[in-house]
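Fold and contact review
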Amino acid sequence: NTRLRAHRFAMGIKAALPRYELYLYSAVLAGALIWAGSWIVEASSDNVNRKAFKESVRPGWHYFGRKMDVSDFEWVMWFSTFRNHILFALTGHVIFAKIFTLLAPKIGIYGCKHRSLIFAVYGGLAVLVTMGWTFMALVVSHCIILYSVALVKKKWMCFAAGLSTLASIKLEPYNSWQEALVTGSFDLQDILFYGGCGFSIMRCMSFALENCDRKEGNYTFSDLLKYNFYLPFFFFGPIMTFDRFHAQANNTQLTRKEREMWNITTKALLHLGVILVVDVFFHYLYILTIPSDMKLVNKLSDWCLAGLAYSNLVYDWIKAAVMFGVINTVATLDHLDPPQPPKCITMLYVFAETHFDRGINDWLCKYVYDYIGENHDKIFKELLATVCTFAVTTLWLGPCEVVYIWSFFNCFGLNFELWVAKFFSIPPFSIMEEAMGEAMSRRIRGVFNAANFWAIVLYNVLSLNSLEFAKLVGRRIIFKGFPLSTLSVLLVTYCGVQLVKERERQQALLEDPDPVKQVDGAKEKAE
């Protein structure tokens, strides 16, 4: 965060552009999105009956008379097949907590003080009923191992034990052996097993590392169980670091902010609306199925390919935002302040802000990236911090070829940004930038940010679709499409980046009406 703030102040985030220029950018961007969208709609309509689409494009809502893209298992799982099961579990959590709150005073118990225990009791029972006693025993054994190591108060031992435990559910043959312990068979079992074990281990590591920082005494094992078995976060995240959860869950002064319940209701209705809109779009835009058919993809236009790559990342953000949004709504009802959904890909033009799970991102930043990189202004420290961060991320995602490639390029992108910033901060470049003025500096930086945006898209779309699709998009836009497709896509992206910068400028002015003093201070801090 320190590096990002300094980077933004240094690039003149508060420099304004003429209003008519921003109107022009808006018109160009809107026209380009409509144009690219029309290509995708046409490709979807013309190829709906392709043999390759048979499994992933199936009859949808009969009101539209069109088939629907159902290739994303997670979306179907969350909002179709297992929707009622998930809603039942989360609703039960809310009702159980509310009933206890009402009954606690009558039986002489201070409900606010023990609410984290009640959350854990319900969560533990729900996990036990859903997954069985062997899974519960496996998760508790992970907790016991990492709690025992936490008592030593050596961070390197906590990391070693935690990462070894995480590797045991990510690497063969250890993961297959542990999965075989879980009896029963249902469609959701694999997802719940790996999600429950993975997030549980990350939470236990957070507990252990926070215990190392505690100066006097140790947290109790019951503190770990109450933290780990909070049901809304248990299977699907997001991860809330132990220090934040412990402070909020044990807060006895429970009050609602003004219009908080109204905001919670509004967000819940907004999530419902987004789910419906996405389902409607899936009847017209087969953005997930088309990239899997490389024969078809090779015949598509450059604009269609660019639109597909961009829309896949936007959809992945929407999916994460809705999934975490539903969970966060329940957590907010419990008087918690959970990690917010990730930032939309449209708003990203620097690798320093790129993430698709804010909980994991916060965990990595606190315990790895910021811990090693400190102020993120030293090249070698930053390199070590990013390598360690993406090494842990690779293990978290599950080591394989695609994850290795994804980690390498994103690690490189994060460091390359710092190298470029360092290079252009020395004379004569710094003198030239000061001479040209902040508005022109913002325009020139926008050109580089536009190229950086597509680097982010290409580096991340390979993990969402396939390496072959990412290579084809890059080859068509950068090489075969040069100069027309390359420059036109960069022009549209430049317009989008400037609109994002304008939004950030307005937010910066609201947070800090006096730009001069803060800019100078941030520059001195960065230097």
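Residues numbered from 1 in each chain as written. Predicted model: local features only at pLDDT ≥ 70, side-chain atom pairs only at ≥ 80, totals over all residues. Heavy atoms only, no water.

Looking up the chain in an unreviewed UniProt entry gives the name Hedgehog acyltransferase like, a, with the organism given as Ameca splendens. Looking at the chain in UniProt, the text filed under Subcellular location (unreviewed entry) is "Endoplasmic reticulum membrane". (UniProt positions renumbered as here; feature names shortened; annotations may be inferred.)

1. Details of the side chain of Thr 386
Summarising the element assignment, Thr 386 is placed in helix H17 (residues 379–397). A polar contact is formed between the side chain of Thr 386 and the backbone oxygen of Leu 383, at a distance of 2.9 Å. Those residues in contact with Thr 386, other than ones at most four positions away along the chain, are Tyr 369, Cys 411, Leu 414 and Asn 415. (Helix = DSSP H or I, 4+ residues; strand = E, 2+ residues; numbered from the N terminus. Polar contact = N/O pair within 3.5 Å; in protein donor to acceptor, adjacent residues only side chain to side chain. Contact = heavy atoms within 4.5 Å.)

2. Details of the UniProt feature "transmembrane region" (unreviewed entry) in the chain
The sites that UniProt annotates as "transmembrane region" (unreviewed entry) are residues 20–41, 85–105, 117–147, 229–247, 268–288, 300–318, 446–465 and 477–497. Annotated as 100% helix and 0% strand, the span residues 20–41 places its first and last C-alpha atoms 32 Å apart.

3. Focus on the packing of helix H5 (residues 115–131) against helix H6 (residues 133–150)
Remark: H5 packs on H6, axes separated minimally by 7 Å, with the N-to-C direction vectors making an angle of 130 degrees. When the interaxial angle is binned, H5 and H6 end up oblique. Residue-level contacts link Gly 124, Val 127, Leu 128 and Met 131 of H5 to Trp 133, Phe 135 and Met 136 of H6. Class assignment of the residues belonging to the contact of H5 with H6 gives a composition of six nonpolar, one polar and no charged. (Axes fitted to C-alpha atoms, helices over the stretch in contact; angles between N-to-C directions. Parallel < 35°, antiparallel > 145°, perpendicular 65-115°, else oblique. Nonpolar A, V, L, I, M, F, W, Y, C, P; charged D, E, K, R; others polar.)

4. Topic: the environment of Gly 413
On the secondary structure map, Gly 413 appears in helix H18 (residues 401–424). As for Gly 413 and Ala 455, which are separated by 42 residues in sequence, their C-alpha atoms are 8.0 Å apart.

5. Section: the environment of Ala 126
Inspection of the secondary structure assignment puts Ala 126 in helix H5. Distance from Ala 126 to Phe 229, taken between C-alpha atoms, is 9.4 Å for residues 103 residues apart in sequence.

6. So, the environment of Ser 38
Tracing the backbone through its elements, the reader meets Ser 38 in helix H2 (residues 19–46). When its relative accessible area of 35% is taken as the criterion, Ser 38 is described as partly exposed. The sequence separation of Ser 38 and Cys 304 amounts to 266 residues, and the corresponding C-alpha distance is 8.4 Å. (Buried < 20%, exposed > 50% of the residue type's maximum accessible area, 1.4 Å probe, protein only.)

7. Focus: the confidence of the model for the chain
Averaged over all residues, the pLDDT of the chain equals 85, while 91% of them reach at least 70. In the predicted structure, residues 515–527 sits below a pLDDT of 50 and forms eleven contacts with residues beyond four places in sequence or in another chain. (pLDDT = per-residue confidence, 0-100.)

8. Thoughts on unusual backbone geometry
Of the consecutive residues Gly 237 and Pro 238, the connecting peptide bond is found in the cis state with omega at 0 degrees. Locating Pro 238 in the fold gives a position in the loop between helix H11 (231–234) and helix H12 (242–249). Following Pro 427, the chain continues into Pro 428 via a peptide bond in cis, with omega recorded as 5 degrees. The residue Pro 428 is located in the loop between H18 and helix H19 (429–436) in this model. Its identity is not glycine, yet Lys 153 carries a phi of approximately 60 degrees, on the positive side. For Lys 153, the location among the structural elements is in the loop between H6 and helix H7 (155–168). Judged by its relative accessible area of 26%, Lys 153 is partly exposed. The backbone of Arg 259 shows a phi angle near 65 degrees, a positive value even though the residue is not glycine. Its location among the elements puts Arg 259 in the loop between H12 and helix H13 (260–281).

9. A look at the nonpolar core
By size, the foremost hydrophobic cluster in this structure holds 131 residues, and its most contacted members are Phe 135, Phe 235, Ile 290 and Trp 363. When residues of this core are assigned to their parent elements, the largest contribution, 17 residues, is made by helix H15 (residues 302–333). Residue contacts for Phe 135: discarding those within four places in its chain leaves Val 127, Val 182, Leu 192, Phe 193, Gly 196, Cys 197, Phe 234 and Phe 235. Residues Leu 17, Leu 22, Tyr 494 and Cys 495 belong to the second largest nonpolar core, which totals six residues. (Core = buried A, V, L, I, M, F, W, Y, C linked by side-chain atoms within 4.5 Å.)

10. Quick look at the packing of aromatic side chains
One pass over the full model with this rule turns up 38 aromatic pairs. Aromatic side chains Trp 75 and Phe 282 sit 6.4 Å apart centroid to centroid with 85 degrees between the ring planes, which places their arrangement in the edge-to-face category. Within this pair, whereas Trp 75 is found in helix H3 (residues 73–81), its partner Phe 282 is found in the loop between H13 and helix H14 (294–297), the two being separated by 207 residues in sequence. Accessibility expressed as a relative area gives 3% for Trp 75, which makes it buried. Taking the relative accessible area as the measure of exposure, Phe 282 reaches 3% and is therefore buried. Relative to Phe 242, the ring of Tyr 227 has its centre 5.2 Å away and its plane inclined at 75 degrees; by these criteria the two rings are edge-to-face. On the criterion of sequence distance, the pair formed by Tyr 227 in helix H10 (residues 221–228) and Phe 242 in helix H12 is long-range, its members being 15 residues apart. Here the aromatic residues Phe 119, Tyr 147, Phe 207, Tyr 219, Phe 221, Tyr 227, Tyr 230, Phe 233, Phe 242 and Phe 245 are joined through ring pairs into a cluster of three or more. The cationic tip of Lys 170 hangs over the ring face of Trp 396; the distance from NZ or CZ to the ring centre is 5.1 Å. The ring of Tyr 219 is capped by Arg 214, whose NZ or CZ atom sits 4.3 Å from the centre of that ring. (Phe/Tyr/Trp six-rings, centres within 6.5 Å; stacked < 30°, edge-to-face > 60°. Lys NZ or Arg CZ within 6 Å of the ring centre and 35° of its normal.)

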